[in-house]
Structures are given as structure tokens and as C-alpha cells.
Amino acid sequence: MHHMTLTELARGLEAGDFSSRELTTSLLDRIERLDGDINSFVTVTRDQALTAADAADQARAKGESRPLTGLPLAIKDIFCTQGIRTSCGSKMLDNFQAPYNATVVEKLQAAGMISLGKTNMDEFAMGSSNENSFYGPVKNPWDRTAVPGGSSGGSAAAIAAGLAPAALGTDTGGSIRQPAAFCGITGLKPTYGRVSRYGMVAFASSLDQGGPMARSAEDCAHLLGAIAGHDLRDSTSVARVVPDYLAELDAPLDGLKIGLPKEYFGDGLDAEVESAIREAIRVYESLGAKVCEVSLPHTHLAVPAYYVIAPAEASSNLSRYDGVRFGHRCENPVDLEDLYKRSRAEGFGDEVKRRILIGTHTLSEGFFDAYYRKAQQVRRLIRQDFLDAFEEVDVLMGPAAPTPAFDLGAKKDPVSMYLQDIYTIAINLAGIPGISVPAGFAGKRPTEGRPIGLQILGQHFAEGQLLNVAHKFQQATDWHRRHPTDQETT
Amino acid sequence: MQWETVIGLEVHVQLATQSKIFSGASTAFGAEPNTQACAIDLGLPGVLPVLNEGAVAMAVQFGLAIDAEIPETSLFERKNYFYPDLPKGYQTSQMAQPIVGRGEVEIVLDDDVRKRVRIHHAHLEEDAGKSLHEDFHGMSGIDLNRAGTPLLEIVSEPDMRSAKEAVAYIRALHAIVTYLGISDGNMAEGSMRCDVNVSVRPKGQETLGTRAEIKNVNSFRFVERAIEFEVERQIEVIEDGGKVVQETRLYDPDQDETRSMRTKEEANDYRYFPCPDLLPVMLDSAYIEHQRSTLPELPTEKRNRFETRLGLSAYDAGVLSSTRPMAEYFEAVLVVCGDAKQAANWVQGELSAHLNRENIDISNSPVTPEQLGGLISRVLDDTINGKAAKQVFAALWNNEGQSADEIIDTRGLKQVTDTGAIEAMIDQVIANSPVQVAQYRDAAPEKRGKMIGYFVGQVMKASRGTANPQQVNGLLKQKLDEA
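Residues numbered from 1 in each chain as written. Chains lettered and ligands numbered in written order. Predicted model: local features only at pLDDT ≥ 70, side-chain atom pairs only at ≥ 80, totals over all residues. Heavy atoms only, no water.

- The name an unreviewed UniProt entry gives chain B is Aspartyl/glutamyl-tRNA(Asn/Gln) amidotransferase subunit B, with Salinicola corii as the organism.

- An unreviewed UniProt entry lists chain A under the name Glutamyl-tRNA(Gln) amidotransferase subunit A, from Salinicola corii.
- One UniProt comment on chain A, placed under Subunit (unreviewed entry), says "Heterotrimer of A, B and C subunits."
- Check the Function (unreviewed entry) section of the UniProt entry for chain A; it says "Allows the formation of correctly charged Gln-tRNA(Gln) through the transamidation of misacylated Glu-tRNA(Gln) in organisms which lack glutaminyl-tRNA synthetase. The reaction takes place in the presence of glutamine and ATP through an activated gamma-phospho-Glu-tRNA(Gln)." (UniProt positions renumbered as here; feature names shortened; annotations may be inferred.)

Right, dumping it as C-alpha cells:
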């Protein structure tokens, strides 16, 4: 039961094999038993979960259940949850309870889903290893000496460890896809504007996008259908009909044109990762797809442009944490400046401070044109690269990350950490959707190795196609059905 | 040395929307602190702004009223700085691409001299909250009710040359925004706040002197006083061999002086950048034309029409067009009575005197324009004389009758114009006043003019004020002189 997909669990609930309360209790007990070491949850909401599970069971008994009724999931601690702490992985918000729910949380509740709790993450979603959390690092369930990826590392690890069948994540530069790859699960970053950002604590507003993380593309299709859509409270959400993502899942891939960006297979790509990706491409060829090489010539500019734009927006977005109205406030400030300085110095971790400094600098008088404006120009070129490529092919494929999960503590230098996102960051700059699906393991024996993720990219609002392409792969392979054994996770 | 004053103004107009510019919280004035601030106004994590379309419409209407360019695209940007009453650590404002471009406002100076002040641009932004520094035992209180209230900041070119011109300019803006109904214009409640940029230069010099910015001046009178003080201060600094420093100053009305707040060196780098939470505002020509079609006649047009078409004096036209309620009252009176000069006299005379005495706004006048117009009509058709008219007005003011006609009827104030009836009253008065008649007839003709007043008074008294005074006068003369 702990490693079943949402689709399978829904069937079990429907058949009466188990109740939502039994399922929820079993997962909560398992979290209690196993998560002490993995550290994927920051807050477990047992009482609320059981109350919701009972309500779901009653709804089912009355014949009022819907497809997601009674299914549990975990929520990244970046989404505001009414009356439950939303820490964003930061000491700054260790004491913060929002008086409202994020739109996606509201939508999942309305769909009858049950939140098990809030998952660990890099502080304010800044990081690629989940080592930047105020609540301590998350361990990779496949190998406790490895990172789970970040920033949605808690969500990914909880799914891999069998603690939650699905989770919400957010992706600003790869924060859904890279941890999904590192933990051997499926994670989708939707098109910018497809999912409401209301109630999602902002990191970089023009790049942030929430999305589903689960054990299969089919599960992601269920979840995306539930959370997508226009929201009057988010001006950047797009008023566009949400298609039935499940209806497209089984479409055949005959004649699908797959482009392999040559820039995604160059220097710095781990050999085992490359071979797993090439093998996955051969699976697609066997399914009738046509493969060709394409070029995204401005790829090398994506990381530098991102590390101007994202910190610039972050430096402004994080100004509200000033110790005045909510969040961490230093003891006995002597004056206003002292209140600001110490509250922020104490409340933020090093990586967050680093990015605030970078962002403040790049927006400063005399530097704005050289950094921010130039980065925005680069951003348009990068977007155009993708639009040009999609003139020739339907989807792009490549690795989600240049290496498998690295060791905890291995990357001390920030820039080497930033380069983790080399294949994911451009997608956020362009606003297109991307999905990471399990595609093999690095290391000799599959169950002892570290997972590898195949990244599939599509045109704006082509989530249906991405889910279809990912689903067909998962019908032909079983990488997504592998999971670490409990021995390995104890 | 002869000095010339150069003044530019930034006027913040609070727009009269029901809700805030980026949230659904109410903008009503005077509520208990922090009761009109929602999660968005408080800047809680995760919340997002949604632009109030009403504020956009109002800004566009202002732009059209000053003949400004309305760009197709305007953009919200973030102005970043830390202050406790600025919840998000930035103010959402406009900078590179404001909603209203270049325009012009006509101001009227003494002796009906007209001058045009160029508007550099006007932009939309959110207001901050208020810091309260009293009654908190060494700490400050924050009231965020005002945070997020929509403001239109109107930035002029440095086109004004005296405190009087600056005041005339603010009055003109006040008239425009209140005519448009986009602001209540209540300066005491902060609905119009001015930042005044003042510099001086030797007369004839082209380049501008170093300016000081006087922040947050909140009344017409304070603007005048602040400028006058500042100009004197700057001239004194220069004449004493010093240099004016570019700085922000505060006007203290109690001391009637300006004081330094911060110099340019201490100024913030606001790190403006486009707000990623808000889409650019795109306005097509259909939208702009629709807004144009909603515009009322504006103060300058009205004033000109009152002068040229209605034949009013420049002074009367200025007073009657000074506020929209005043102009609308006057025009409603005119519709009923048809005589602009009489309507102007009554509105500025009897009505204004009563309103001022009891401190009532014209829009709450107890005498409706229809009632006043009806009263004037009865004067014009000689139904009543001027004296009776004042009685009728007082009765209307005290709500002692529905209309002038009703009051004239019930009180028998209808003017007596029947010659026979007046002659009878005159004969009676002459018969009762033999001494005065004798004196009159003994007097030299040039002195008789004054003496006749006594007899007129007696006849009017006998008629209880209803006799037509011209007729009384003429007939009396005839009768007294004929012997």
C-alpha cells in the first residue's frame, strides 16, 4: 500500500479494500516510524488528516466521492495553510500561521484530498539539495548519504520513502524536476500561469510555479487537473480552459518528433546519466517516435540570467520579512534599524542572504542596465530558442540534472550548486512546462544506485502532451515502480 | 539682486474608489486603526495584488481632462525601501511607463490672467500606512488602514513662479478632480497632499537653482506659507555667500518654517523594477474613447462658457465654476428662471450668505435650486418686489413652504400694481401727514428727493410691503408736486 500510485489507491478505496482512515493512519504511523531520519516533513498534521479522512469515508459511504476523495498527499511548506504553520523552511517564518489557504490547497481540499502535513524544503525555495533548511537537511531515501535534491526535496523524499503517495512542489529553477529525478519519482512543472500562485510564498514571482509530484505521470495528470486554472486572485494566472489531462494519456506516440538539444548533452554531463537518457530515447523510438538533434544556442546564458532575475525579484519579495508584523523579530531592539538588521540577520540563512545581496546589487542605480535589463533581454532570447525548436519538434528531451544525487555536504561552493540547475533553469525563464520521469539508476545494482531522471519539455500549455509522452514511457518501463526498501530507509 | 522663484509640484490625489488599488479592503476614512487592512494590505507571505480597474478608469479620466497622452501600455513597478508603515518593503508605483503622459492645466491668476502649467506625467500608486508616534510610550504605532489606498500622483513641470501661482495650480487640480468625481478633494483628510519643489535663481538666468523638496504640505494656505518661507530662506542662504543644498524639508505650520529632513546623500536608492505580480496595463482606443464619453464639462470650459455665452463677469464666472456642486446649483437655478445675471446674484448673494453663516455646503442647501429659480422668476415677472423676495427666501430657507408661489400666496406678498389701489393708499398717507406735506412743499425742489422717502416708507408700510416701489414713487411725486 505504501508504494501504490494514487490511481491504485483510489481503486482500493472504491473497492473497499481499505478506508481512507486506514490508509491515512498507516501513512501517519509510517511517517512517525521512518521520517525521523529522512526528515522529509516539517509539520505532520495527524489530527486534521484523520478528521478529513473520516469526512472522506463518510462522503464515500453516501456515494458522494469524487476521483481524488480520501487520497492523502503532502504539501510543500511554501503553500499557505490556514491555521497550520507555513515556515518556508526558514527560521524567519518558524512562528508563522497564515490566516488563509493557498488557492491550490483550497482546490485539493475541495477535491476531497487529505493533507498529511507540510514538507521540508530549502529555505524560501533557494537551493538544489535541501541542505538550506532551518529544519535540517533531508536525506535521499535511496541512499542516506545523498541529498534528495531541492528545493522540493522533502516532497520528493516523502514520495520515494513511501510516506506519501503524492505531494505539491514548486519549481522556480528546477525545484520540482531535479528532486524528482534524484528521488526516482515523477514531477511536473506546469506552464507559468497554469497554476495559481496565490498563497504560495514568493521567491521569484515571474518564475515560480507550483506543480504535482507523484509516482506516475497518470497521478500527475489527476493532480494537475485538480489544481490548474485561472484564479482571480492571481493576475498572472491564465484564463484558459483546463483540458481533461487523463483523456490524452493513452494517445499513441507514432510520429512524435523528439528533439535532443545538443547543448544538454555536452561537457559536464555524467556518463551514467547520459547513457540512461540515451536508453530512454531508444524506448521512445521503439514506440514510434522520431528523434533528431536540435539546438538551443543561448543555453549557456540561462544560469547567469537566472541568477540575476531570480535574486532581483527575491530581494524585493523578501523585504516584507522585517520583524514588524509577523515572523521572526529580534529580542529587545534598541531602534528601528536595529530591529530590521537583527531580525533579518537572525531570521534568514546564508543562501537567502546571499541572494538578497545579489538581487539588491543588480537592481541598484548604475547596475540595473548591465544586469537586470540585460538579463531580461537574454530571457527573451532563451524563450525564442524554445519557440524556434518547437517549430521543428513536438517535445524536447534530455537529462533533468547533470549528475545523479550527490553526497550530502559535497557542494560547498554556491556556483557549483547553481550549475545543478543547468538543464532546468531555462525552462522557467521561457515559461514552458517540463516533466521529470524516472529513467534508470547510476551505480551497479538498481536498488542500491541513485535514480536518474529524464526531462521532457513541451510548448506553452502542452501539459497534456507531456503527460501523454511520459505516461507511454511508464507503460513501457518500470523505473517509476521501483522504490527503496524499508531496510534501506531505517 | 532680483530673484526669481521656480516651483514644481507633485500632488498626490487619493482616488475615490470603494476598495483599495490592489485589494478588496475598504478605503473609507476614519475607521479604527488596522480594521481596514486585509492580508494583501498587510503584505502577508503568499498574497498577490489584483489591480482595481476603477482606479485605472479614474486615472484615464484625469489624463483626458488635461489633454494628456494616454499611452497604450503602462507598467507597475516596485519602489523598494524599508519603513514600518510600508508593509511589503516596497511601494507599487509607476515610473518608466506611467498611465498618463504629458498634459496641461490652465490656471487663473488675479485680474483674470491665464497661465498654462505643463504636466510632466501622472502615475498610479498605492499609499502607505501611517506611523503614529504619540501615546505609545517611546514606541511607534502603525495603522495600515490607509495602506493600499489608490493615489494618482500628478507631477508638474517647474512652471510656477510664485506661491500664488502654485496655489492657483493646486486649486485648478482640485477643481478638475472634484469635477471628475475621482476624488473627494478633502485636504484635511489627506485626499490631496503636495510635495513642493522650490528653487530660486537670479532673474534672467536660464539654468535652475538647486531645489529643496518640501514634503507633505496639506492645505492651500500651508503651500503658500511654506513656499514663501522657503524662498526667503534660500535667498538668505545665497546672499550670505552660502549654497542651497538639495534636500527634503518638512513644513511645520506651528512654527511656520521648513526644516531639513534628509539631504541627497542620505536619499534611498529605490531600485525600481517592473512588478512581476502585475500585468502591464493595456488600454485600447475604444476604452479611452469610452472614458472620454463619460467626462463632464470641466471647470475651465464651464468658466469660459459662463463668461462668453451667459455674459457673466469674469469674477462671477470664476466663482460659480469653482466647484462642481456650485456650478450645478447655479445652472439648475438658471434653467428655472432663465436669467443668468439674476441667478448669479442670488447664488452668490443671498444663498451664499446663508450657507456661509450656517456653514452648510451648497450640495446640502435647504433651498433647492428649483425653489430659488421659482423665486427669481417671481421677481422677474414683478409678482413680488425685492423686499418681499428676501422674505420668501427666508421662508424657503426655514422650510416654511414648498415653493415661492405658495409662500407668496399664503402671506399675501403679491406686489400691488393696481394704480387705483396705490393712489388710495397715497391719499390716505397725505391726509394723515399734514406737517410733512407742508415741509415738503416748502422745500426747494433739489431737497425734495430726500424728503420723499418718508412718504414712500409710509405707503409701503400701509401695503405691508406689497406695493410696487417704482409705482409708489412716481405717483407720490405727482400728487405731492401737483399742489
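**Quick notes on the nonpolar core**
Item 1. With 148 residues, the main nonpolar core has Phe124, Tyr284, Phe386, Met397, Ile456 and Leu467 of chain A as its most contacted residues.
Item 2. Take this core: its biggest share by element is 9 residues, from helix H9 (residues 302-317) of chain A.
Item 3. If we skip the residues at most four places from it in the chain, Leu467 of chain A touches Leu188, Ala217, Cys220, Ala221, Leu224, Tyr245, Leu249 and Ile435 of chain A.
Item 4. One finds Ile21, Ile176, Val231 and Ile235 of chain B within the second-largest nonpolar core, a separate group that totals 64 residues. (Core = buried A, V, L, I, M, F, W, Y, C linked by side-chain atoms within 4.5 Å. Buried < 20%, exposed > 50% of the residue type's maximum accessible area, 1.4 Å probe, protein only. Helix = DSSP H or I, 4+ residues; strand = E, 2+ residues; numbered from the N terminus. Contact = heavy atoms within 4.5 Å.)

**A closer look at the sheet that holds strand E11 (residues 450-457) of chain A**
Residues and elements named next belong to chain A.
Item 1. Spatial strand order, E1-E3-E2-E4-E6-E5-E10-E11-E9-E7-E8: 11 strands in an open sheet with mixed pairing. A strand with exactly one partner marks an edge of an open sheet, and here the two such strands are strand E1 (41-44) and strand E8 (290-294). Averaged over all neighbouring strand pairs, the angle between strand axes comes to 30°, with direction disregarded.
Item 2. Bridge analysis of strand E7 (residues 257-261) against strand E9 (residues 395-399) gives 2 bridges, and the strand direction is parallel. By the bridge assignment for E9, Ile258 is matched with Val395. (Pairing = 2+ DSSP bridges. Axes fitted to C-alpha atoms, helices over the stretch in contact; angles between N-to-C directions.)

**Re the pairing of strand E10 (residues 192-202) of chain B**
All names here are of chain B.
Item 1. Of all 11 residues in E10, 10 are buried, a share of seventy percent or more.
Item 2. As defined by bridge partners, strand E1 (residues 3-14) adjoins E10 across 11 bridges and the pair is classed as antiparallel. By the bridge assignment, Val13 is partnered in E10 with Met192.
Item 3. Direction of pairing for E10 relative to strand E11 (residues 212-217): antiparallel, over a ladder of 4 bridges. Looking at E11, one finds that Asn197 is bridged to Glu213.

**What about the environment of Lys302 of chain B?**
All names here are of chain B.
Item 1. Its place among the elements puts Lys302 in helix H6 (residues 299-308).
Item 2. Distance from Lys302 to Phe330, taken between C-alpha atoms, is 12 Å for residues 28 residues apart in sequence.
Item 3. Contacts of Lys302, omitting those with residues within four sequence positions, involve Tyr179, Glu297, Ser321, Ala327 and Glu331.
Item 4. Among the polar contacts made by the side chain of Lys302, one reaches the side chain of Glu331 at a distance of 2.6 Å. (Polar contact = N/O pair within 3.5 Å; in protein donor to acceptor, adjacent residues only side chain to side chain.)

**A few points about the sheet that holds strand E14 (residues 273-274) of chain B**
Item 1. Taken in spatial order, the 3 strands of this open sheet run E4-E3-E14 (chain B), and their pairing is antiparallel. Where the open sheet ends on each side, the last strands, each with one partner, are strand E4 (90-93) and E14 of chain B.
Item 2. Summarising the sheet, strand E3 (residues 77-80) of chain B and E14 of chain B pair through 2 bridges and their orientation is antiparallel. Counted as the bridge partner of Arg78 of chain B is Phe273 of chain B from E14 of chain B.
Item 3. On top of the sheet, H9 of chain A reaches E3, E4 and E14 of chain B; it is set at about 60° to E3 of chain B, its chief contact.

**A few points about the UniProt feature "active site" (unreviewed entry) in chain A**
All names here are of chain A.
Item 1. The feature "active site" (unreviewed entry), as annotated in UniProt, sits at Lys76, Ser151 and Ser175 in this numbering. Spatially, the listed residues are clustered: although they cover 100 residues, their C-alpha atoms lie within 11.1 Å of one another.
Item 2. Not counting residues within four places of it along the chain, the set of residues in contact with Lys76 comprises Lys118, Thr119, Met121, Ala125, Ser151, Ser152, Ser155, Leu168, Gly169, Thr170 and Ser175.
Item 3. Mapped onto the elements, Ser175 comes out in the loop between strand E4 (166-171) and helix H6 (177-183).
Item 4. A polar side-chain atom of Ser175 sits 2.8 Å from a polar atom in the side chain of Ser151.

**Remarks on the UniProt feature "domain: Asn/Gln amidotransferase" (unreviewed entry) in chain B**
Item 1. Annotation from UniProt places "domain: Asn/Gln amidotransferase" (unreviewed entry) at residues 328-480 of chain B.
Item 2. Taken end to end, residues 328-480 of chain B is 75% helix and 0% strand, and its two terminal C-alpha atoms sit 49 Å from one another.

**Section: the environment of Gly150 of chain A**
Residue and element names in this part refer to chain A.
Item 1. Assignment of secondary structure puts Gly150 in the loop between strand E3 (114-119) and helix H5 (153-160).
Item 2. By relative accessible area, Gly150 is classed as buried at 1%.
Item 3. Beyond its immediate chain neighbours, meaning those up to four positions away, Gly150 contacts Asp122, Gly127, Ser128, Ser129, Asn130, Gly174, Ser175, Gln178 and Pro179.

**Focus on unusual backbone geometry**
Item 1. In this model, Gly150 of chain A is joined to Ser151 of chain A through a cis peptide bond whose omega is 10°.
Item 2. Topologically, Ser151 of chain A is positioned in the loop between E3 and H5.
Item 3. Phi is positive for Asn34 of chain B, close to 65°, though the residue is something other than glycine.
Item 4. Looking at the secondary structure, you find Asn34 of chain B in the loop between E1 and helix H1 (39-42).
Item 5. Overall, Asn34 of chain B belongs to the partly exposed group, its relative accessible area being 37%.
Item 6. At Asp112 of chain B, a residue that is not glycine, the phi angle is positive and equals roughly 60°.
Item 7. Among the secondary structure elements, Asp112 of chain B is positioned in the loop between strand E5 (103-108) and strand E6 (114-126).
Item 8. Among the residues examined, Asp112 of chain B registers a relative accessible area of 27% and is labelled partly exposed.

**Structural notes on the interface of chain A and chain B**
Item 1. Residue-level contacts link 38 residues of chain A with 29 residues of chain B.
Item 2. When the two sides are added together, the surface that chain A and chain B hide from each other amounts to roughly 2700 Å², 59% of it contributed by carbon and sulfur.
Item 3. On the chain A side of the contact with chain B, Ser235, Arg320 and Arg325 of chain A bury the most area, a combined 22% of that side's loss.
Item 4. The tally of links from chain A across to chain B stands at 1 salt bridge.
Item 5. Among the salt bridges present, the one from Asp277 of chain B reaches Arg197 of chain A, with a minimum N-O distance of 3.0 Å.
Item 6. At the surface where chain A touches chain B, the tally comes to 16 residue pairs in polar contact (both at pLDDT 80 or more).
Item 7. For the side of chain A that touches chain B, the elements supplying multiple residues, two or more each, are H9 and helix H10 (336-347) of chain A.
Item 8. No other element matches the 4 residues that H9 of chain A contributes to the side of chain A that touches chain B. (Buried area = accessible area lost by both parts, 1.4 Å probe. Salt bridge = Lys/Arg side-chain N within 4 Å of Asp/Glu carboxyl O.)

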